[in-house]
Amino acid sequence: MDFQPLGMNDALATTSSGNLTQATNVVEDEIIIRTVKLNKYFGDKHVLKDIDFEVRKREVVAVIGPSGSGKSTLIRCLNALEKATSGEIYIHGEKLNPNLSIKQLSPIRSELGMVFQNFNLFPHMTVVENIIEAPRLVRKMPKDRAIALGEKLLAKVGLSEKRDAYPNRLSGGQKQRVAIARALAMQPRALLFDEPTSALDPELVGEVLKVMKDLAYEGSTMVVVTHEMQFARDVSDRVIFMSDGSFIEQGDPEEIFKNPKEKRTRIFLERVLSVLP
């Protein structure tokens, strides 16, 4: 079947992976991601505390907060890269079984494209090979179609000329744009970004944020863990402030940034907003 890239087609054909089913006639308010009383411990440390969370189709959610608040752990649990200690995770209505094998989890992970802090590109593969690897292995996409898709996505992120380059010949910003193209190649229901600019030199941050903004404006469903307050304020539909493993406050970006209700939110924003224009 033909998979359609995120934000490019609202009526996706039905596909069954054995773990998830993608239905036709999607509606704007459908819930793509939902967690119920999600908890995560690392030893005695309670990292996520009864997290109830929903992300709807075409929604851009920014998760902000101090380092160590549980933001990255949350996003890694959503994609089964970390196993939650308790609670439930649903991807488009289907419950994520924490006891599935890595092979069984693969189709589920393909529904949520992940963009990491440190790119995670395969150094022995060219740019286009990095992009088409997962569609060919997981989606069983024919090589010619995968290459055509890879080239289209490289054009989308402004890197057509780097098609045959290896990662060690790219800047950090270029690597992250390739990583975004790779996530898009699986045509997932949503994109998860885990501090996508934190490993970049300041002058390279803008080129990555531009691609992310374009995706948001095209209607992609996105969850973005970020320290980029201006992106959270200007691009997201909803901002969540996390601290000490809990959701302290969430709401409209304008309201959160200009009139936070919780003391911990105000203290955090007072520390970071001074650098915003």
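So, a few notes on the structure that sits alongside this text. Since we're looking at a predicted model, the values are computed, not measured. (Residues numbered from 1 in each chain as written. Predicted model: local features only at pLDDT ≥ 70, side-chain atom pairs only at ≥ 80, totals over all residues. Heavy atoms only, no water.)

Looking only at helices and strands, one finds 9 helices and 12 strands in the protein. Considering the protein as a whole, with its 277 residues, one finds that 51% of them fall into the buried category. For the protein, long-range pairs separated by at least 24 residues make up 67% of all intrachain contacts whose partners lie at least 6 apart in sequence. Surface exposure of the protein reaches about 12900 Å², of which carbon and sulfur atoms provide 48%. (Helix = DSSP H or I, 4+ residues; strand = E, 2+ residues; numbered from the N terminus. Buried < 20%, exposed > 50% of the residue type's maximum accessible area, 1.4 Å probe, protein only. Contact = heavy atoms within 4.5 Å. Areas by Shrake-Rupley, 256 points an atom, 1.4 Å probe, with all protein chains shown as cover.)

With respect to the helices and strands, the residue Ala-155 is situated in helix H4 (residues 143-156). Ala-155 sits 26 residues away from Ala-181 along the chain, and the two C-alpha atoms are 9.3 Å apart.

Below, the discussion takes up the sheet that holds strand S7 (residues 94-95). Strand order in the open sheet formed by 4 strands is S4-S3-S6-S7, and the pairing between neighbours is antiparallel. The strands lining the two open edges of the sheet, one partner per strand, are strand S4 (45-56) and S7. The sheet contact formed by strand S3 (residues 31-42) and strand S6 (residues 86-91) spans 5 bridges and is antiparallel. Bridge pairing in S6 links Val-36 to Glu-88. (Pairing = 2+ DSSP bridges.)

Next up on the list: the layout of surface pockets. In this model, the largest pocket occupies a volume close to 630 Å³. The wall of the largest pocket is formed by 21 residues, among which Arg-109, Phe-116, Ala-134, Arg-182 and Met-186 lie closest to the centre. When residues of the lining of the largest pocket are traced back to their parent elements, those giving at least two are helix H2 (102-109), strand S8 (112-115), helix H3 (127-137) and helix H5 (172-185). Partitioning the lining of the largest pocket into residue classes produces 11 nonpolar, 6 polar and 4 charged. (1 Å grid on protein atoms, 1.4 Å probe; cavity = no way out; pocket = protein on both sides within 12 Å on 5 of 7 lines; lining within 4 Å. Points joined across faces, edges and corners; volume = space filled by probe spheres on them. Nonpolar A, V, L, I, M, F, W, Y, C, P; charged D, E, K, R; others polar.)

The topology assignment puts Lys-49 in strand S4. On the accessibility criterion, Lys-49 (26% relative accessible area) is partly exposed.

Another aspect to go through is the packing of H3 against H4. In contact at an axis separation of 9 Å, H3 and H4 are set at 125° when each is read in the N-to-C sense. In terms of orientation, H3 and H4 fall into the oblique class. Crossing of H3 over H4 shows right-handed handedness. Side by side, H3 and H4 meet where Val-127, Ile-131, Ile-132 and Arg-136 of the first sit next to Lys-143, Ala-146, Ile-147, Gly-150 and Leu-154 of the second. Within the contact of H3 with H4, the residues separate by chemical class into 6 nonpolar, 1 polar and 2 charged. (Axes fitted to C-alpha atoms, helices over the stretch in contact; angles between N-to-C directions. Parallel < 35°, antiparallel > 145°, perpendicular 65-115°, else oblique. Left-handed = near helix turned anticlockwise from the far one by under 90°.)

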